[in-house]
Amino acid sequence: MGKVVLVTGAARQLGGRFVRRIQRDPDVERVIAVDAVTPPHRLGSAEFVRTDIRQSAIARVLAEHAVDTVVHLAVTGSAAGAGGARSAVKETNVIGTMQLLGACQKSPTVRRLVVKSSTSVYGGTSRDPAVFTETTEPKALPAGGFAKDAAEVEGYVRGFARRRPDVAVCVLRFANILGPFADSALAEYFSIPVMPTVLGYDPRLQFVHEDDVLEVLGLAAREPRRGTLNSGTFNIAGDGVLLLSQCSRRLGRPTVPLLLPALTWVGSALRAVGVTEFSAEQMKLLTHGRVVETSQMREVLGFEPLYTTAETFSDFARSRGSGLLPPERVGRAVDRMAAMLGADGLDVDADAVEGAKR
């Protein structure tokens, strides 16, 4: 008998792609795809069960299909589709996870749990270390939004692991996920013709390619390979970092540096017209950035991403098309301005260059 894998969040593009991918695993017999809405994409030979994980019905699904592996991907920053309310997203993230874990705790067949989390649980302040490890405690707990949801979810998962030590639990803290099909708030931000930034800051960013996300989820859902351990908590990110200014140059999109109060107003305006979810946690990311250590990912989990941070961003940028300015022109202009000003390592935004020209 092969594995019976249940995947939550199947209506989102990442969940749908993982459902199709895990079916190719020779050790998997059946895949049960779960979501509260009908997926707009195909799910291959998986059996789709329309159910809300916030409801107790998820326990019946686990029991009826004798599920032994649960891959929880329904921890997200925004609703699937336009117009999703933040309150509904939070309920799915937190209440849904509580219901799912309660069902897993009662299930005699569940033996492995994989949870999609985020490096946003580390928060983002000026007092934080340059690099976060899996054991780094945040200087300030996230006050709201997806970051707070992810932190609460991880707390419930740790409680479940204590109550069911016979279940292998793997929590994957993903850096910002990008790729041709990315549908995150950060992907929307990078698609704005002119990107608002925080005046005086040029944060360091890390990315993980969505193809690598699928691969590491599959690895976590299987029995560990010899010499590796796929239970525990792991940071998942591509090698290297990019500055936000480098991202804008590679996209060919100029930036508009704003003071934080003005940036908050712009964020509210963008949300009002549905352009992007410019939340407080995203502003912290665009102010202080976030970089994580990934040695445990390689040495313990045994996973080596195919894409670096720079390669991930390049693949994403190709899928979004050219910005207002050719990337080469933006880069040359910024370099010339930096040389003129004698800036010691200071990154000058493209909009500053244009302003100097005027």
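Residues numbered from 1 in each chain as written. Predicted model: local features only at pLDDT ≥ 70, side-chain atom pairs only at ≥ 80, totals over all residues. Heavy atoms only, no water.

**A short note on the overall build of the chain**
- A tally of regular secondary structure across the chain gives 13 helices and 13 strands.
- Burial analysis of the chain (358 residues in total) assigns 51% to the buried set.
- Residue pairs in contact within the chain that sit at least 24 positions apart in sequence constitute 79% of those at least 6 positions apart.
- As displayed, the chain offers around 15800 Å² of accessible surface, 55% of which is attributable to carbon and sulfur atoms. (Helix = DSSP H or I, 4+ residues; strand = E, 2+ residues; numbered from the N terminus. Buried < 20%, exposed > 50% of the residue type's maximum accessible area, 1.4 Å probe, protein only. Contact = heavy atoms within 4.5 Å. Areas by Shrake-Rupley, 256 points an atom, 1.4 Å probe, with all protein chains shown as cover.)

**A closer look at the sheet that holds strand 11 (residues 232-236)**
- The 7 strands lie next to each other as 3-2-1-4-5-6-11, forming an open sheet whose pairing is parallel. Each having just a single partner strand, strand 3 (47-50) and strand 11 make up the two edges of the open sheet. Here the average twist between neighbouring strands, direction ignored, is 20 degrees. (Pairing = 2+ DSSP bridges. Axes fitted to C-alpha atoms, helices over the stretch in contact; angles between N-to-C directions.)

**Observations concerning the packing of aromatic side chains**
- Under the definition given, this model contains 7 aromatic pairs.
- With a centroid separation of 5.5 Å and an interplanar angle of 25 degrees, the aromatic rings of Phe207 and Phe313 are classed as stacked. A residue pair is termed long-range when its members are at least 10 positions apart, and Phe207 in strand 10 (residues 207-209) and Phe313 in helix 11 (residues 309-320) qualify at 106 residues. Like Phe313, Phe207 is buried.
- Among the aromatic residues, ring-to-ring pairing joins Tyr189, Phe190, Phe207, Phe313 and Phe316 into one connected group. (Phe/Tyr/Trp six-rings, centres within 6.5 Å; stacked < 30°, edge-to-face > 60°.)

**Remarks on the environment of Leu101**
- With respect to the secondary-structure elements, Leu101 resides in helix 3 (residues 86-106).
- For Leu101, a relative accessible area of 4% puts it in the buried group.
- For the pair Leu101 and Leu113, spaced 12 residues apart in sequence, the C-alpha separation works out to 9.3 Å.
- Beyond its immediate chain neighbours, meaning those up to four positions away, Leu101 contacts Leu113, Tyr156, Val157 and Phe160.

**Notes on a nonpolar patch on the surface**
- Taken together, the side chains of Ile95, Met98 and Tyr156 define a hydrophobic patch exposed on the protein surface, amounting to about 250 Å² of accessible area.
- The class for Ile95 is partly exposed, based on a relative accessible area of 38%. (Patch = residues over 30% accessible without salt bridge, like charges linked within 9 Å, V, L, I, M, F, W, Y side chains within 5 Å. Salt bridge = Lys/Arg side-chain N within 4 Å of Asp/Glu carboxyl O.)

**Digging into the pattern of salt bridges**
- Evaluation of the coordinates by the stated rule reveals 18 salt bridges.
- A salt bridge links Glu210 to Arg17; the nearest nitrogen and oxygen atoms lie 3.6 Å apart. With Glu210 in helix 6 (residues 210-221) and Arg17 in helix 1 (residues 13-22), this residue pair connects regions lying 193 residues apart in the sequence. Each member of the pair, Glu210 together with Arg17, is buried.

**As for the nonpolar core**
- Grouped together as the largest cluster of nonpolar side chains are 34 residues, with contacts concentrated most on Leu6, Val34, Ile58, Val70 and Leu113.
- Counting residues per element, the ones that place at least two in this core are strand 1 (3-8), strand 2 (28-35), helix 2 (57-64), helix 3, strand 5 (112-118), helix 4 (145-163) and strand 6 (168-174).
- In this structure, Ala33, Leu43, Leu73 and Leu301 belong to the second largest nonpolar core, which totals 32 residues. (Core = buried A, V, L, I, M, F, W, Y, C linked by side-chain atoms within 4.5 Å.)

**Focus: the confidence of the model for the chain**
- This prediction gives the chain a mean pLDDT of 86; 84% of its residues lie at or above 70.
- Across residues 343-358, where pLDDT falls below 50, the model places 30 contacts with residues more than four positions away in sequence or in other chains. (pLDDT = per-residue confidence, 0-100.)

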